[in-house]
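Next come the chains, spelled out residue by residue.
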Amino acid sequence: MPRNSLLLTWGLCAGALLCAAPARAQVDSVRASTLPGRQLAEKAYNAGLANYSAQNYSAALASFNQALAAKPDFAPAYANRAATRLALKDYPAAVADYDQALKLEPGAYAHYFGRAQAHEAAGEGPAAAADYGAALQANTAYAPAWYNRGVLRFEQGEYQAARDDFDGAVKADPNYAYAYHDRASANLELANWPAAVQDYTKALALQPTLLPALLNRAAAERRTGQLPAALRDYDTYLTQKTDNALAFTNRGNARFENKDYAGALADFDRAIALDAKYAYAWNNRAAVELKLEHYAKAAADATEALRLNPKYAEAYLNRGHAREMLRQADEACQDWHQAAALGLAVGNDYAAAAGCSGDAAEVPAGK
Amino acid sequence: MIRAFTRAALLLSGLATAAHAQSVEFSKERFGGDKDALKNAQRELKAGEDAYAADPANYGAALPHFLQAQQLNPDNAALNARIGDCYLHSGTKALALPYLQRAQALAPADDSRTHYLLARALHLNAKWAEAIKEYQRATPMGGGKRAADGALTVTADDLARRLRECRNGQELQQHPVRVFVDNAGPEVNSTFSDYGPVVSADEATLLFTSRRPGGPNAKKDPDGDSYYEDIYQTAWQGKRWRPAASLGAPVDTEGHDATVALAPDGQRLLVYDDENGGDLNESNLKGAAWGKPQHLGNRVNTRYHESSASYSPDGRYLYFVSDKPEGGRGGRDIYKIELEGKGPAENLGAAINTPYGEEGVFMMPDGRTMYFSSEGHNSMGGYDIFKSTLTNGQWSAPENLGWPINTPDDDVFFVTSASGRHGYYSSDRPGGQGGKDIYRVTFLGPEKAPVLSEESQLLASRLAPVAQTLLSPPVAVATARVTILKGTVTDDATHQPLEATIDLVDNKLNQVIATFHSNATSGKYLVSLPSGTNYGIVVRQDGYLFHSENFDLPAEAAYAEVIKDVPLKKLEVGVVIVLNNIFFDTGKAILRPESTAELERLQKLLTEQPTLRLEMAGHTDNVGKPAANQDLSQRRAQAVVAYLTQHGVAAARLAAAGYGDTKPVAPNTTKAGRQLNRRTEFKVTGK
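Residues numbered from 1 in each chain as written. Chains lettered and ligands numbered in written order. Predicted model: local features only at pLDDT ≥ 70, side-chain atom pairs only at ≥ 80, totals over all residues.

> Looking at this structure, I do not really get the overall build of chain A. What am I missing?
A tally of regular secondary structure across chain A gives 20 helices and 0 strands. Evaluated residue by residue, chain A yields a buried proportion of 53% over its 367 residues. Of all intrachain contacts in chain A linking residues separated by at least 6 positions in sequence, the fraction that spans at least 24 positions is 42%. (Helix = DSSP H or I, 4+ residues; strand = E, 2+ residues; numbered from the N terminus. Buried ≥ 20, exposed ≤ 12 C-beta atoms within 10 Å, placed from the backbone. Contact = placed C-beta atoms within 7 Å.)

> Would you explain the overall build of chain B in this entry?
Helices and strands together make up the secondary structure of chain B, namely 12 helices and 36 strands. By its C-alpha atoms, chain B is 110 × 85 × 45 Å across when sized along the principal axes. Taken across its 687 residues, chain B has 46% of its residues classed as buried. Partitioning the contacts of chain B with sequence separation of at least 6, the portion at a separation of at least 24 is 58%.

> Can you walk me through the sheet that holds strand S34 (residues 613-619) of chain B in this structure?
Within a beta sheet, neighbouring strands are joined by backbone hydrogen bonds and run either parallel or antiparallel to one another. All names here are of chain B. One open sheet holds the 4 strands; their spatial order is S33-S36-S34-S35, and the pairing between them is mixed. Two strands in the sheet have a free side with no partner beyond their single neighbour: strand S33 (576-578) and strand S35 (654-658). On average, each strand axis in the sheet is tilted by 25° relative to the strand beside it, whichever way the strands run. Relative to S35, helix H11 (residues 626-646) is tilted by about 160°, and along the sheet it contacts S34, S35 and strand S36 (679-686). (Pairing = 2+ DSSP bridges. Axes fitted to C-alpha atoms, helices over the stretch in contact; angles between N-to-C directions.)

> What should I look at first to understand the domain arrangement of chain A in this one?
Interface size is often expressed as the accessible area that is lost when the parts come together. With domains assigned, chain A is organised as domain 1 (211-276) and domain 2 (293-357). When each unit is reduced to the centre of its C-alpha atoms, the spacing between domain 1 of chain A and domain 2 of chain A is 25 Å. (Domains from an automatic or database assignment.)

> Just checking my understanding: could you explain the environment of B:Ala126 for this structure?
Residue and element names in this part refer to chain B. With respect to the helices and strands, Ala 126 occurs in the loop between helix H7 (112-124) and helix H8 (128-137). Each C-alpha atom, one on Ala 126 and one on Arg 162, is 12 Å from the other, the two residues being 36 residues apart in sequence. Among all residues touching Ala 126, those that are not within four sequence positions of it are Gly 169, Gln 173 and Pro 408.

> Looking at this model, I keep getting lost on the environment of A:Leu292. Mind explaining?
Positionally, A:Leu292 belongs in the loop between helix H16 (279-291) and helix H17 (295-308). Along the primary structure A:Leu292 and A:Ala262 are separated by 30 residues, whereas in three dimensions their C-alpha atoms are 8.5 Å apart.

> Would you mind showing me how to read the domain arrangement of chain B here?
Segmenting chain B into domains produces domain 1 (2-174), domain 2 (195-425), domain 3 (481-570) and domain 4 (572-687). Using C-alpha coordinates to define each centre, domain 2 of chain B is positioned 46 Å away from domain 4 of chain B.

> It is not clear to me how the interface of chain B and chain A should be interpreted in this structure. Could you clarify?
Contact with chain B, which involves 39 residues of that partner, is made by 41 residues of chain A. Within the residue set of the side of chain B that touches chain A, elements represented by two or more residues are strand S23 (452-456), strand S24 (466-470), strand S30 (547-553) and strand S31 (560-563) of chain B. It is S23(B) that provides the largest number of residues to the side of chain B that touches chain A, a total of 5 residues. Per-class residue counts for the side of chain B that touches chain A are 20 nonpolar, 12 polar and 7 charged. (Nonpolar A, V, L, I, M, F, W, Y, C, P; charged D, E, K, R; others polar.)

> Please clarify how the UniProt feature "repeat: TPR" (unreviewed entry) in chain A should be interpreted in this entry.
When the UniProt feature table is mapped onto this chain, "repeat: TPR" (unreviewed entry) is found at residues 41-74, 75-108, 143-176, 177-210, 245-278 and 279-312 of chain A. End C-alpha atoms of residues 279-312 of chain A are separated by 9 Å, and the span's content is 79% helix alongside 0% strand. (UniProt positions renumbered as here; feature names shortened; annotations may be inferred.)

> Got a minute to help me understand the UniProt feature "domain: OmpA-like" (unreviewed entry) in chain B in this structure?
UniProt feature "domain: OmpA-like" (unreviewed entry): in the numbering of this structure it lies at residues 571-687 of chain B. Across residues 571-687 of chain B, helical content stands at 35% and strand content at 20%; the span's end C-alpha atoms are separated by 8 Å.

> Looking at this structure, how should I read the packing of helix H7 (residues 125-138) of chain A against helix H8 (residues 143-155) of chain A?
Geometry of a packed helix pair, given as the angle between the helix axes and the separation of the axes. Residue and element names in this part refer to chain A. The contact between H7 and H8 brings their axes to 9 Å, and the two run at 155°. One element, H7, and the other, H8, form an angle in the roughly antiparallel class. As H7 runs across H8, the sense of the crossing is left-handed. Contacts from Gly 125, Ala 128, Ala 129, Tyr 132, Gly 133, Ala 135 and Leu 136 of H7 reach H8 at Ala 145, Trp 146, Asn 148, Arg 149 and Leu 152. Of the residues that constitute the contact of H7 with H8, the class distribution is 8 nonpolar, 3 polar and 1 charged. (Parallel < 35°, antiparallel > 145°, perpendicular 65-115°, else oblique. Left-handed = near helix turned anticlockwise from the far one by under 90°.)

> Teacher, can you tell me more about the confidence of the model for chain A here?
When pLDDT is low, close inspection of the predicted coordinates is not appropriate. Residues and elements named next belong to chain A. For chain A, mean pLDDT is 88; residues scoring 70 or higher make up 87% of the total. A low-confidence stretch, residues 1-22 (pLDDT under 50), is modelled with 49 contacts involving residues beyond four sequence positions or located in other chains. Contacts for the low-pLDDT stretch residues 360-367, under 50 throughout, to residues beyond four places or in other chains number 22 contacts. (pLDDT = per-residue confidence, 0-100.)

> What is the right way to read the pairing of strand S17 (residues 384-391) of chain B from this model?
On a regular strand, each side chain points to the face opposite its neighbour's, so the side chains alternate between the two faces of the sheet. Residue and element names in this part refer to chain B. Where strand S16 (residues 369-374) meets S17, 6 bridges bridge the pair, whose relative direction is antiparallel. Bridge pairing in S17 links Thr 369 to Thr 389. One ladder, built from 2 bridges, connects S17 with strand S19 (residues 399-400); its direction is antiparallel. Note that in S19 the partner of Lys 387 across the bridge is Glu 399.

Below, the structure is given as structure tokens:
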């Protein structure tokens, strides 16, 4: 990830989840041998860095503690201890250390960025977003802050704001593949599908190993009616990665849209073989069995999807369709009603159209 | 006769010899010296040929003999052609095809008649493309009078129409409608032909015509293999039909008696007889017995052929089919007439009636949807069943019900339940009990789209996929716009069923728009309430206080079935009657105009019972402050009293009481309960 090299002067990776823009311990280590005096704080600080690099976080923590005991106003030591505590998942302590670092070095965008990551890891989204914002106020050219805030906003469903942040990220760093990818995803959610296709393509050009971009570009292409292109992308992905039940399921969906029901069935079979607990594959196979008029199989597959996820509204809906064709009218009605109760209101429409009991229109009040 | 046989035999053998060597003659050589077999074959041929060559040809009588002869010699081209021709003139026309194809294979012919008959048989078997080719090879022709002379008249228009039908069939078969078609089962169908189903609005009662033996007047029909038509009745028992039984006298007679229509409440039956060119008669259900059918009179029946018919839901109008030339548009047409009126029948016009035949009219209980059969419009052959809806006085363009409900042959006499979810018709499709059978069609509506799910890893820096459900758009829900109100009228004290009069009142117009009766034996009643009217329903019987119900149905109200049993109360001191058709402005004590009919009923009651004394009582739900509720209910009771005194009722006979929310009749915790609690009622305080 290109972003990591930019942060090498500052941070240590705080964990896989945050590797897109990790916190790093400072590495502008003080050359103690050339400095006068005992330099106890500086020595401990450097030992802390070495331990951190060796992922020996407990030892690193002890070293940074020593450094700060010797020199209580040592801002870099606070920042690096914060990064260590983040690695140890002690988020409140990490936030407290970043607070201290900011007191000693007000306006330092790296400290805001680190604290934002600590808040984010603690599940404190608003605080994290605020700190990413503060980091950007201090340094608008810092692409990871744009990107990380964009991710937070995306996860909140604020796709327009997320897209604006990913815009900021690619302006700050025109080679930021993740930012292009995620801007594409924001466009996908905003139904701006041609722009999504364009950004996924750019992300793939910058980072050909970013395989999920193939799946996501296919999804965008399907929405623009470019089914052949979508199917090519799925095929490309699946030649490189053959163990992904999700990818087989999604290609199955595309084949279903292409009315290639036999092909879709084969993909859902494969997805189930790879991951028999993947409820989506069972549900979608039920859907294709419906199209193939294999109603008993459709009902059985939907039932398995419901065993895996008892609150799966779509599976109830599909099983209702299958049961209607199996002449199990009462059971079909129950399934459609259950789908509606779980959020698919169309279930009630189907029940009403089929004359399910309890679906007669309420007779309006007379007065 | 001998001469006829000789000619027929010569015809057959001559054709065989001249046309194609593969065709096998009825000769000694063929039968290998088996004189008896040859004699039998010749006897069957003669009998068949006599009927076939008669004027007019009797195809039905000829066919069994020809089939018998064909069993003895399957490879005679002319005989196979004869059988094909007979089938084309039967109720099972599609069976003609293998015989005509065999005849053509044994002795290929290139004349127009052969191509046309083959085209007809292919058409009737839904072999559209092949039929089109054969029709295109045929040319217009005019034939002799008798079948044996090749009687067949086909005009250029006929050929063009058949081609159109085939193309319609091709188109319609590509988009089959989703239905279940279920045989009504052995309780209904027999090994003989059963057809002409008519059903009550709630599908509780089914009547149909049958040609089975077993009826009290069952006699063999000399024109065929079956018995005279009789009418049978059955009732739905929850999972299946009760074994059907003949209606018996006086409906079933020694002649043909056929079902035509059943009123939505199942209390009136239209019956066809073949007198006077074909007339319609009405029988009424009295208790458990159907009365003697009464001629519908000369405004409906003419010296021409009146066949199918259907009541409007209020029973005021009759839609019927007649081939009378006056006012017709060609062939049989559909007409509408006000039964109690004086005006002539009105042709439904060009939107419905075509230059070809229309038959089998059925008006749904919603009062706006009509099913009928037509040889015109975009029929795929013979009569097809169509649907049209009446909106603002205009019939919509008829919609072909489509394949597989419609077939290339005649599809007629289709009726539906009030909900429109089920239809009933007869068909001779394979797998039945024998002859034509009655089938129930369940409309499944457009295909219900399956729903697929998927998820994507939308954020490059996150591992967790994001779920994305791919939803299909919602389906349109088309249901009939009618409410079926049914139940049982009883004596409140004895619980015995009562035959009561049920008035259907349009509250807005203050008019009785229809009157029905509950059944004398069972007390059961059924009323169809097409959406779009504020209905007052008044159940009355001499010696009892009237009972009123209200159904204010907006135009878009979908199908509903409501069961409401009505216990009628005798006029006794202390009896309380709820006046469901008295309406006030919201929160006020101002009587709305829609209350007039109910108030007039009350006034009439007081006039007819001069010693009657009533307390008018107002009640509210528990919404709002109790004092305000009490005040409102008091003022509303007084408003009713004021109306009555202003219309001549002595004030001394009336009292007004407001009870506010103190006497609920249902929990106030639901909307329906609160609705029941907001009421105006009267109590008999003296008589």
